[in-house]
There are 2 protein chains.
Amino acid sequence: MTEETVVRNTKQRAAVRDVLADCEGFHSAQDLHALLRDRGERVGLTTVYRTLQGLADAGEIDVMRPPGGEHLYRRCSRGHHHHLVCRSCGRTVEVEGPAVESWAEKMAGRHGFVDISHTLEIFGTCTDCAAKQKTD
Amino acid sequence: MTEETVVRNTKQRAAVRDVLADCEGFHSAQDLHALLRDRGERVGLTTVYRTLQGLADAGEIDVMRPPGGEHLYRRCSRGHHHHLVCRSCGRTVEVEGPAVESWAEKMAGRHGFVDISHTLEIFGTCTDCAAKQKTD
DNA sequence: GCGCTTTTGACAATCATTACCATTATCGGT
DNA sequence: ACCGATAATGGTAATGATTGTCAAAAGCGC
């Protein structure tokens, strides 16, 4: 078995990685597709999805699934980190939590799980938005 | 503003809470809708979604959003906890992490965020599935 | 019981993501 | 550099969960 699926290098994949490298924040697949179009790169939406999926599997990019919408992808900056997202204005702050990492590993190991990954998002209301809400 | 929306007690809402009280694990909205139908309760799918949403907002139930599918809802057992999910067989183990809770609070506070909530899911391969994969 | 307002629920609409599949591009060998 | 096998692409259709719509049916306060 073990279908040695030969992976090929295509300009489309390179293009996707390029946009991801250039834009800092999180972007939806459709966003990235539009950005590629703007750059003059002709990449199909389907391909964008496929590539993003592949990159995510390979651990090269971050995926965030905010409640109520599309998946957001981002170039994985060095190291693993999590996000603190304002549920009102969407502002995102990166936070690192080595403690969480090791905690997750430990917990998983205790139950015999291997090949661990985890997703953690923190939602809250940022200072600005909290202030605004008072004036409603 | 502050539209004093008067919340009413309806048998449909009661029915949804009842199924949630009776079934232990996670279920999708459509699942619960089917369960209600089996019980002879006549509740529309739309209403199930709405009720679930409301309960989730009120913090009465847990919501899990597994990668690649529908939302899963569950009666919120006492206390906050997280889930260790086998990405192969779907087996779910509950884990508690007070450390994570306080870490999240601290991090959020440090950035001026208030009204914090967070989602954390750990994915891995359980012992059984790991063993099976070796025989592929 | 009477209104007023919230809820319900059948069905349509939305919308991100996936499946299809014929066409095209890549890669390793010649 | 050409060829042939096959992975990758991309337009479009399909999928499927969730949400919107709105007339009809229930709550709740009086």
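Residues numbered from 1 in each chain as written. Chains lettered and ligands numbered in written order. Predicted model: local features only at pLDDT ≥ 70, side-chain atom pairs only at ≥ 80, totals over all residues. Heavy atoms only, no water.

Identification of chain A as Transcriptional repressor from Winogradskya humida is taken from an unreviewed UniProt entry. One UniProt comment on chain A, placed under Sequence similarities (unreviewed entry), says "Belongs to the Fur family." (UniProt positions renumbered as here; feature names shortened; annotations may be inferred.)

A. Seen up close, the relation of the copies chain B and chain A. The transformation that overlays chain B on chain A combines an axial shift of 0.1 Å with a rotation of 180 degrees, and the residual RMSD is 0.1 Å. Here the transformation between the copies is reduced to the relation of a two-fold axis. Measuring from the rotation axis to each C-alpha of chain B, the shortest distance belongs to B:Leu120, at 2.1 Å. Interface overlap between copies is the fraction of interface residues in one copy that are interface residues in the other; for chain B against chain A it reaches 100%, indicating a shared surface. (Least-squares fit on C-alpha atoms with pLDDT ≥ 70 in both. Contact = heavy atoms within 4.5 Å.)

B. Molecular detail of the protein's contact with DNA strand C. Looking at DNA strand C, there are 21 residues lining it, with A:Tyr49, A:His71, B:Arg8, B:Thr10 and B:Arg50 nearest. Near the protein, meaning within 4 Å, the atoms of DNA strand C are sugar or phosphate in a fraction of 68%, with bases accounting for the rest. A:Gln53 is positioned with one of its side-chain polar atoms (N or O) 3.2 Å from a phosphate oxygen of DNA strand C. B:Arg13 is positioned such that a nitrogen or oxygen atom in its side chain is 3.2 Å from a phosphate oxygen of DNA strand C. Every element with two or more residues in the surface near DNA strand C is listed here: α3 (45-57) of chain A together with α1 (11-22) and α3 (45-57) of chain B. (Near = heavy atom within 4 Å. Polar contact = N/O pair within 3.5 Å; in protein donor to acceptor, adjacent residues only side chain to side chain. Helix = DSSP H or I, 4+ residues; strand = E, 2+ residues; numbered from the N terminus.)

C. Quick look at the packing of α1(B) against α3(B). Residues and elements named next belong to chain B. Interhelical geometry of α1 versus α3 gives an angle of 70 degrees and a closest axis separation of 10 Å. Compared by their axis directions, α1 and α3 come out roughly perpendicular. Crossing of α1 against α3: the hand is right-handed. Only Thr47, Thr51, Leu52 and Leu55 of α3 make contact with α1, whose side of the interface consists of Gln12, Arg13, Val16, Arg17 and Leu20. Tallied by class, residues from the contact of α1 with α3 come to 4 nonpolar, 3 polar and 2 charged. (Axes fitted to C-alpha atoms, helices over the stretch in contact; angles between N-to-C directions. Parallel < 35°, antiparallel > 145°, perpendicular 65-115°, else oblique. Left-handed = near helix turned anticlockwise from the far one by under 90°. Nonpolar A, V, L, I, M, F, W, Y, C, P; charged D, E, K, R; others polar.)

D. Here's a closer look at the pattern of salt bridges. Residues and elements named next belong to chain A. Considering all chains together, one arrives at 4 salt bridges over all chains under this definition. Here Glu60 and Arg17 are joined by a salt bridge, their closest N and O atoms 2.7 Å apart. Linking Glu60 in the loop between α3 and β2 (61-64) with Arg17 in helix α1 (residues 11-22), this pair joins segments that are 43 residues apart in sequence. Residue class for Arg17 comes out partly exposed when judged on its relative accessible area of 40%. (Salt bridge = Lys/Arg side-chain N within 4 Å of Asp/Glu carboxyl O. Buried < 20%, exposed > 50% of the residue type's maximum accessible area, 1.4 Å probe, protein only.)

E. Here's a closer look at the sheet that holds β2(A). Taken in spatial order, the 3 strands make up an open sheet running β1-β3-β2 (chain A), and their pairing is antiparallel. Every other strand in the sheet has two partners, leaving β1 (27-28) and β2 of chain A as the edge strands with one partner each. (Pairing = 2+ DSSP bridges.)

F. Spatial organisation of unusual backbone geometry. Residues and elements named next belong to chain A. Even without being a glycine, Asp115 presents a positive backbone phi close to 60 degrees. Within the fold, Asp115 resides in strand β6 (residues 114-125). Classification of Asp115 by relative accessible area gives exposed; the value is 55%.

G. Looking closely at the interface of chain B and chain A. Contacts between the two partners involve 37 residues from chain B and, on the opposite side, 37 residues from chain A. With both chains or domains summed, chain B and chain A bury close to 3100 Å², and 63% of this area falls on carbon and sulfur atoms. For the chain B face of the interface with chain A, the top three residues by lost area are B:Arg65, B:Trp103 and B:Phe113, together amounting to 23%. Applying the counting rule to chain B against chain A returns 4 residue pairs in polar contact (both at pLDDT 80 or more). Listed by contribution, the elements that provide at least two residues to the side of chain B that touches chain A are β4 (82-86), β5 (92-95), α4 (98-110), β6 (114-125) and α5 (127-134) of chain B. A total of 12 residues in the side of chain B that touches chain A trace back to one element, the largest contributor, which is β6(B). Taken together, the residues of the side of chain B that touches chain A sort by class into 20 nonpolar, 11 polar and 6 charged. In the sheet, β6(A) pairs with β6(B) via 9 bridges, with the strands oriented antiparallel. Residue pairing across strands places A:His118 opposite B:Ile122, the latter belonging to β6(B). (Buried area = accessible area lost by both parts, 1.4 Å probe.)

H. Geometry of the side chain of A:His83. For A:His83, the location among the structural elements is in strand β4 (residues 82-86). Contact partners of A:His83, with chain neighbours within four places excluded, come to A:Phe26, A:Asp62, A:Met64, A:Arg74, A:Thr92, A:Val93, A:Glu94, A:Val95, A:Leu120, A:Glu121 and A:Ile122.

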